[in-house]
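A look at the structure
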Amino acid sequence: MTQKLILILSISILFFGCSKEPKALMPQMPKTYLTQADFDELPNWKSENYEEAISSFVNSCQSGKTKKIYSELCLKADQVQDSKAFLESEFNVYKIAPSDAGSEGLLTGYYEPSLKGSLVKKEPYIYPIYNEPKDLVSVDLSSIYPDLKNYRLRGRVDGKKLVPYFTRAQTKEGMIDAEVICYTDSKVDLFFLEVQGSGRVNLENGETLFIGFANQNGHKYSSIGKYLINMGEIAKEDISLQSIRAWFKENPQRVDEVLHHNESVVFFQERSHGTSGSLGVVLTPERSVAVDRNFIPLGSMLFLDAKINKKNVSRVVMAEDTGGAIKGSVRADMF
């Protein structure tokens, strides 16, 4: 019987894997420490919707990365009669330790933004949503330095040198060599679309464009929420998407100042369907999470236990996406 890992994210995350007694460092998770756990340790395990959990697993098995981790279990899962028995007999549970001693896990959430747009530039649709620039160069560093797996160097060629790509403040229409997918009516909505990584644009002609992540300009992501907190504009306990939007509405003259604090820019591509993550499969609400692939392989089955608005949330989830702000082993962003 082939057994695979489930990971616990506490937040808690559980990983399902293939060894009864794994070493502290798993080969496929070089920076992740695991300790053996048990299904009895999973909060609210008996109240889990096992059929729904298996359904999300089967959906994830459309990806080659999930199949690589779970091999024949992907085939078995599609014909399961007893979902609970299948999970408990085919998987082992291991708890993921925080990457930093003494650190706590963090769970955030993301969604599929819906923007208004037009295929032509005209008021109020004046903010371009860019395709990947033709002059953006991406270098896979692991091809030269194996220790730098999953790291890429991005920039543009200036003469004979590779220089940093344009920052958010420098990204002006006509300056970068990129096609415009469409135009939207709000630079704030466009910014949050970049943060989410994908979404839909409802065009004025009645059509809908689905767009997703294509590439990024190479600059580090910087949180505008933290910037507003550090500037004393919004109290830490009050920071949220809603409070940031309200602050922008009250301070329209400072929108560019705050947005430009994050020099990172995301470029998009059209898609044929709704939101899909880095794994390439359509995301399942409250069953798909974004993780840091330096610690957790994409395609992993996890068990997440966390509090959302003082309410406990405990369930099986699939690691199907990534994000610039998702850093560390006990860190997830739920769709």
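Preceding this paragraph is the structure being described.
This structure is a prediction, so every number in the text was calculated from the model and none was measured.

**With respect to the packing of aromatic side chains**
With the rule as written, the count across this model stands at 12 aromatic pairs. Aromatic side chains Phe57 and Tyr70 sit 5.3 Å apart centroid to centroid with 85° between the ring planes, which places their arrangement in the edge-to-face category. Highlighted residues: Phe57 in helix α1 (residues 50-60) and Tyr70 in helix α2 (residues 64-70), separated in sequence by 13 residues. With a relative accessible area of 0%, Tyr70 lands in the buried category. Ring centres of Tyr110 and Phe335 lie 5.5 Å apart, and the angle between their planes is 65°; this geometry places the pair in the edge-to-face category. One end of the pair, Tyr110, is in the loop between β6 (106-109) and β7 (114-118); the other, Phe335, is in the segment after β19 (331-334), with 225 residues separating them in the sequence. Both residues of the pair, Tyr110 and Phe335, belong to the buried class. Through successive ring pairs, a cluster of aromatic residues spans Phe39, Trp45, Tyr50 and Phe303.

**Description of a nonpolar patch on the surface**
Among the surface-exposed residues, Leu153, Val157 and Leu162 lie close enough to one another that they form a single nonpolar patch of about 250 Å² accessible area. Mapped onto the secondary structure, Leu153 falls in strand β10 (residues 152-158). When its relative accessible area of 40% is taken as the criterion, Leu153 is described as partly exposed.

**Here we look at the state of the cysteines**
In the structure shown here, the tally under the stated rule is 1 disulfide. A sulfur-sulfur separation of 2.1 Å characterises the disulfide bridge that pairs Cys61 with Cys74. Disulfide Cys61-Cys74: torsion about the S-S bond near -75°, hence left-handed. Of this pair, Cys61 sits in the loop between α1 and α2 while Cys74 sits in helix α3 (residues 73-77); the two residues are 13 residues apart in sequence, bridging distant segments of the chain. On the basis of relative accessible area, Cys61 is assigned to the buried category, the value being 6%.

**Some points on the side chain of Asn262**
Position of Asn262 relative to the elements: it lies in the loop between α8 (255-259) and β15 (266-271). Take Asn262: its relative accessible area is 2%, and that puts it in the buried class. Look past the residues within four positions of Asn262 in its chain and what remains in contact with it is Arg168, Phe191, Lys220, Tyr221, Ser222 and Ile224.

**Thoughts on the sheet that holds strand β14 (residues 208-216)**
Within the open sheet, the 6 strands sit side by side as β8-β12-β7-β13-β14-β15. Their pairing is mixed. With partners counted over all chains shown, the strands left at the sheet margins are β8 (127-130) and β15, one partner each. Strand-to-strand twist in this sheet, taken as the mean axis angle between neighbours without regard to direction, amounts to 45°. For β14 and β15, the ladder comprises 6 bridges, and the chain directions are antiparallel. Residue pairing for β15: Ile211 is matched across the bridge by Glu270.

**Considering the nonpolar core**
Formed by 22 residues in total, the largest nonpolar core has its most connected members in Trp45, Phe57, Tyr70, Leu87, Phe91 and Met301. When residues of this core are traced back to their parent elements, those giving at least two are α1, α2, α3, α4 (83-90), β5 (91-96), β17 (301-308) and β18 (311-321). With 4 residues, the single largest contributor to this core is α1. Judged by nonpolar contacts, the second largest core, of 20 residues, contains Leu34, Tyr94, Ile296 and Ala306.

What counts as what
- Residues numbered from 1 in each chain as written.
- Predicted model: local features only at pLDDT ≥ 70, side-chain atom pairs only at ≥ 80, totals over all residues.
- Heavy atoms only, no water.
- Phe/Tyr/Trp six-rings, centres within 6.5 Å; stacked < 30°, edge-to-face > 60°.
- Helix = DSSP H or I, 4+ residues; strand = E, 2+ residues; numbered from the N terminus.
- Buried < 20%, exposed > 50% of the residue type's maximum accessible area, 1.4 Å probe, protein only.
- Patch = residues over 30% accessible without salt bridge, like charges linked within 9 Å, V, L, I, M, F, W, Y side chains within 5 Å.
- Areas by Shrake-Rupley, 256 points an atom, 1.4 Å probe, with all protein chains shown as cover.
- Salt bridge = Lys/Arg side-chain N within 4 Å of Asp/Glu carboxyl O.
- Disulfide = S-S within 2.5 Å.
- Contact = heavy atoms within 4.5 Å.
- Pairing = 2+ DSSP bridges.
- Axes fitted to C-alpha atoms, helices over the stretch in contact; angles between N-to-C directions.
- Core = buried A, V, L, I, M, F, W, Y, C linked by side-chain atoms within 4.5 Å.

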